[in-house]
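# Residue-level structure breakdown
As a plain string of letters, each chain reads:
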Amino acid sequence: MPHLTVQIREETLDGSTEPKLIRALTDAVAAVVGEWARAVAVVELFGVPEHRWGTGGVPGEAPAPVITLAMREGGLTHPQIPDAPARLIESLTEAAVAVLGEAVRKHVTVLIVGVPAGRSGVGGDVV
């Protein structure tokens, strides 16, 4: 199950941005790993107040989203999805830019976390 968390400046989340960002990020993952991911993708948006956000030791000027995608490691190394991490980074960046505007491109950070087999579970069962 792909799980995305997004840390972004609170001021960016205005009620209309959230559904667009959730859909765009879900679409981005499904476009790379397959349509199966759409139904199980989880997206969480966390707003950080402007005065609690900074880059390089100074308060940030752009929304500068940090997108973390955690999913089973096998999905990142599957032979049917060549270069999955690089493709996911590109796809998720493009999704953020499509919703937030070109000005954020150079600030978008994407982290891909591969969860080894046996280190995740659903409903109390290890998967």
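Residues numbered from 1 in each chain as written. Predicted model: local features only at pLDDT ≥ 70, side-chain atom pairs only at ≥ 80, totals over all residues. Heavy atoms only, no water.

Attention now goes to unusual backbone geometry. Excluding glycine, a negative phi dihedral is what most residues carry, and trans is how most peptide bonds are arranged. Of note, the phi angle at D83 is positive, near 55°, even though the residue is not glycine. Residue position: D83 is located in the loop between α2 (73-76) and α3 (84-100). Using a relative accessible area of 59% as the deciding quantity, one classes D83 as exposed. (Helix = DSSP H or I, 4+ residues; strand = E, 2+ residues; numbered from the N terminus. Buried < 20%, exposed > 50% of the residue type's maximum accessible area, 1.4 Å probe, protein only.)

Once that is clear, we can look at a nonpolar patch on the surface. On the surface, a nonpolar cluster with roughly 450 Å² of combined accessible area is contributed by M1, W36, V40, V122 and V127. Mapped onto the secondary structure, V40 falls in the loop between α1 (17-33) and β2 (42-48). Judged by its relative accessible area of 32%, V40 is partly exposed. (Patch = residues over 30% accessible without salt bridge, like charges linked within 9 Å, V, L, I, M, F, W, Y side chains within 5 Å. Areas by Shrake-Rupley, 256 points an atom, 1.4 Å probe, with all protein chains shown as cover. Salt bridge = Lys/Arg side-chain N within 4 Å of Asp/Glu carboxyl O.)

Once that is clear, we can look at the environment of G118. In this fold, G118 is placed in the loop between β6 (109-115) and β7 (121-122). By relative accessible area, which is 45% here, G118 ends up partly exposed. With 46 residues separating them along the chain, G118 and R72 place their C-alpha atoms 9.5 Å apart. If near-sequence neighbours (up to four positions away) are discounted, G118 is found in contact with V126 and V127. (Contact = heavy atoms within 4.5 Å.)

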